[in-house]
Amino acid sequence: MAAALWARRGRRTAAVVGTVARSGSSRAALQSQYDALVIGGGHNGLVAAAYLQKGGLKTAVLERRHVLGGAAVSEEIVPGFHFSRCSYLLSLLRPHIYADLELKKHGLKVYMRDPHAFTPMLEEGVKGAPPRSLTLGSDLAMNQKEIGKFSQKDAKAYPDFVAHLEKLAGAIHPLLDAPPVDIPGVTTGSLGKRLAAAKTLTPLVKCGLKLGRNVPDFYEIVTAPIMKILNRWFDSEPLIATLATDAVIGAMTSPSSPGSGYVLLHHVMGELEKEKGAWGYVEGGMGGVSQAIASAAQSYGVDIFTEKDVAQVLVGSDGAARGVALKDGTEISSRVVLSNATPYVTFKNLTPQLWLVDYSRARAVGLHRVIFFVTFTVAVDKLPNFLARPTPDGIPGPHHQCSIHLNCESVEVLETAYKEAMNGRPSTNAGDEIPSVLDPTLAPPGCHVVSLFTQFTPYHIEGREWTDQDREAYADTAFDWVEQYAPGFKKSVVGRDILTPPDLERIFGLTGGNIFHGSMSLDQLYLARPLPFLSNYRSPVKGLYLCGSGTHPGGGVMGSPGFNAALTTIADLKRH
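No experiment lies behind these values; they were computed from the predicted model shown.

Remarks on the overall build of the protein chain
Okay, so step 1: Looking only at helices and strands, the protein chain has 19 helices and 21 strands in total.
Okay, so step 2: The proportion of buried residues among the 576 residues of the protein chain is 60%.
Okay, so step 3: Residue pairs at least 24 apart in sequence account for 72% of intrachain contacts in the protein chain once pairs closer than 6 positions are excluded.
Okay, so step 4: Surface exposure of the protein chain reaches about 22,300 Å², of which carbon and sulfur atoms provide 55%.

Below is the structure:
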């Protein structure tokens, strides 16, 4: 190792990027009373606060950590290097939120990636040529040329496959920007109330009309194993494995598991800078998007505070939320409380159990869904040079700006890794990002930041807790695999930040280490997210709402849960 490990367990060793308001230096003093309080300064909490304030409610955000952003955060763990420690790519920030909050005006700058996927092969080259690789981007002609190295048939089919996915993904958009159908409202109450609730059917109708004849295809892709669909379209293993990787990333599922098709669809339905399905790097790291949302919210009058750790939601004798109590004993009253914490944390840790008596603890425990992965953020003093696409003199190639799939070139490898993780053994499948190739603000000249995301890594190792030795040994094993694809990588490392599932839970409050606040499986989507009786952002406690990724439309769809929760809250207050 080229230098000491600066941050083995996520310790803060240097400055923090993106802090808007520290507890001792907030623009406004913390008041004793607000119309609305938002627990957690992640991106959804900040979006909710902005729309609540725009709706006429005096709002404050209370963030537990020293820095805003939740999972979308930037921190200078190694001096001179800015790390996106959890979330590392931007795509699913909804366009209307981007425009409404004028995020570009508030400093959001995005570097677009193209191409977007690079899968190097671990093989011997033929006749002195380097190993093969597969690179995919927005240029269909280039994609066909790349795929043609493995199968001309697949190269010909690929444009039709992309068009098919885009049609299905585009039909989902009306569902992302509105709460799920109000089933109780449509089926019970007076005729007037039913007619009012019937308006919530509109997005579903729009989705159906957009799908048209494709309704059966949509049903299949959200319920089927992705392998059933990919095997129908393609023959070549590298292409199938590359696409299958996007169907399991961030989910505890295998390519052969029912519902994995939806995860792939989830990753292609984004939009960035009006380009469908595009992904990009935020300047300064993912904390930059949180910073921009916070700046917009503050411009509307939202008070934002860090290092304000909420101990409990206060509930009045009438069973309605009336504010929060901080761990330092401070009580703040409010008309409503919105929780950007995970549903599990909200109901198990923050809500007095007396007021959840009608909702068994078992149902609350059902919100705890562990998802298995580890994130590494690495500071390196030179650009990784891949055997499959060598570049001279440290000059970045187009493939360096991609999501780089390592040890993922066959579906069998993915299936084996999933089975091992289910038995408590970490895998070595890694996704690799080098955002500093496009964003020079992340690292000193000549140096780079590498984000590694290893799929299928258990919360417990064969039934026991992670130790420091386990953490370091696992990182060394993962780096050994990177070394096979890019010799010299290990010697280039000058610092690393290793976050196992328990670390993600402890530092960021992500239950089970799950960045999506809950499974993205079919039993926790739309009307069942996070549970059927909680799908409308309202909780069993009147005046307490959920606004995080654990609610519809789920993790990754940046801003929509907060936007939908804010509008639901405002509508309820107007009715009462």
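Topic: the environment of S32
Okay, so step 1: Inspection of the secondary structure puts S32 in the loop between β1 (16-17) and β2 (33-39).
Okay, so step 2: Linking S32 and T330, residues 298 residues apart in sequence, is a C-alpha distance of 8.7 Å.
Okay, so step 3: If we skip the residues at most four places from it in the chain, S32 touches E331, I332 and S333.

Here we look at unusual backbone geometry
Okay, so step 1: Between D114 and the following residue, P115, the backbone shows a cis peptide bond with an omega angle of 5°.
Okay, so step 2: Tracing the backbone through its elements, the reader meets P115 in the loop between β6 (110-112) and β7 (117-120).
Okay, so step 3: Residues H552 and P553 are joined by a peptide bond in cis, for which omega reads 5°.
Okay, so step 4: Tracing the backbone shows P553 in the loop between β21 (544-546) and α19 (560-575).
Okay, so step 5: One non-glycine residue, E307, lies in the positive phi region at around 55°.
Okay, so step 6: Among the secondary structure elements, E307 is positioned in the loop between β12 (303-305) and β13 (310-315).
Okay, so step 7: The class of E307 is partly exposed, set by a relative accessible area of 34%.
Okay, so step 8: Phi at N407 is positive, roughly 55°, even though this residue is not glycine.
Okay, so step 9: The residue N407 is located in the loop between β17 (403-406) and α15 (411-422) in this model.

Digging into the environment of K199
Okay, so step 1: Turning to its location among the elements, K199 is positioned in the loop between α6 (191-198) and α7 (202-211).
Okay, so step 2: Residue classification places K199 among the exposed residues on the basis of a relative accessible area of 64%.

Some remarks on the confidence of the model for the protein chain
Okay, so step 1: Mean pLDDT over the protein chain stands at 85; residues scoring 70 or higher make up 89%.
Okay, so step 2: Contacts from residues 1-26, a stretch scored under 50 in pLDDT, to residues over four places away or in other chains number 78 contacts.

Quick look at the pattern of salt bridges
Okay, so step 1: Counting across every chain of the model gives 21 salt bridges.
Okay, so step 2: Here E220 and K228 are joined by a salt bridge, their closest N and O atoms 3.6 Å apart.
Okay, so step 3: By relative accessible area, K228 is classed as partly exposed at 47%.
Okay, so step 4: Between D503 and R471 there is a salt bridge, with its nearest N and O atoms 2.9 Å apart. Note that D503 is positioned in helix α18 (residues 501-508) and R471 in helix α16 (residues 468-485), a separation of 32 residues in sequence. With respect to class, D503 is no different from R471; both count as buried.
Okay, so step 5: Sharing partners across several salt bridges, the network here consists of R65, E75, R85 and D497.

Some remarks on the pairing of strand β14 (residues 321-326)
Okay, so step 1: Counting buried residues in β14 gives five out of six residues, a clear majority hidden from the surface.
Okay, so step 2: Looking at chain direction, β13 and β14 are connected through five bridges and run antiparallel. Bridged to V310 within β14 is L326.
Okay, so step 3: If you look at the hairpin formed by β13 and β14, you'll find five residues sitting between the two strands, and G319 has a positive phi there, around 85°.
Okay, so step 4: For β14 and strand β15 (residues 331-339), the ladder comprises three bridges, and the chain directions are antiparallel. Residue pairing for β15: A325 is matched across the bridge by E331.
Okay, so step 5: Where β14 folds back onto β15 in an antiparallel hairpin, the turn is made up of four residues, including G329, whose phi is positive at roughly 95°.

Quick look at the nonpolar core
Okay, so step 1: In this structure, Y158, F161, L230, F234, L239, L265 and M269 are the most contacted members of the largest nonpolar core, which totals 48 residues.
Okay, so step 2: Contributing elements (two or more residues each) for this core: β8 (133-136), α4 (152-176), α7, α8 (215-223), α9 (226-233), α10 (237-246), α11 (260-268) and α15.
Okay, so step 3: Sequence-distant contacts of L265, defined by excluding residues within four places in its chain, comprise L165, L168, A169, I172, F218, I221 and V222.
Okay, so step 4: Counting 41 residues, the second-largest nonpolar core is a separate cluster that includes L90, Y98, V302 and A566.

So, the packing of aromatic side chains
Centre-to-centre distance and the angle between the planes together describe a pair of aromatic rings.
Okay, so step 1: Following the criterion strictly, the structure yields twelve aromatic pairs and no others.
Okay, so step 2: Seen in terms of ring centroids, Y51 and F563 are 4.9 Å apart; in terms of plane orientation they differ by 80°. Their pairing is edge-to-face. Residue Y51 is found in helix α1 (residues 43-54), and its partner F563 is found in helix α19; the two are separated by 512 residues along the sequence.
Okay, so step 3: Look at Y51 and you get buried, because its relative accessible area is 8%.
Okay, so step 4: Arranged with centres 5.4 Å apart and planes meeting at 85°, the rings of F479 and F489 form a pair that is edge-to-face. Pair noted here: F479 is in helix α16 and F489 is in helix α17 (residues 489-492), with a separation of ten residues, a long-range link. This pair shows no difference in class: F479 is buried, exactly as F489 is.

Thresholds, definitions, all that
Residues numbered from 1 in each chain as written. Predicted model: local features only at pLDDT ≥ 70, side-chain atom pairs only at ≥ 80, totals over all residues. Heavy atoms only, no water. Helix = DSSP H or I, 4+ residues; strand = E, 2+ residues; numbered from the N terminus. Buried < 20%, exposed > 50% of the residue type's maximum accessible area, 1.4 Å probe, protein only. Contact = heavy atoms within 4.5 Å. Areas by Shrake-Rupley, 256 points an atom, 1.4 Å probe, with all protein chains shown as cover. pLDDT = per-residue confidence, 0-100. Salt bridge = Lys/Arg side-chain N within 4 Å of Asp/Glu carboxyl O. Pairing = 2+ DSSP bridges. Core = buried A, V, L, I, M, F, W, Y, C linked by side-chain atoms within 4.5 Å. Phe/Tyr/Trp six-rings, centres within 6.5 Å; stacked < 30°, edge-to-face > 60°.

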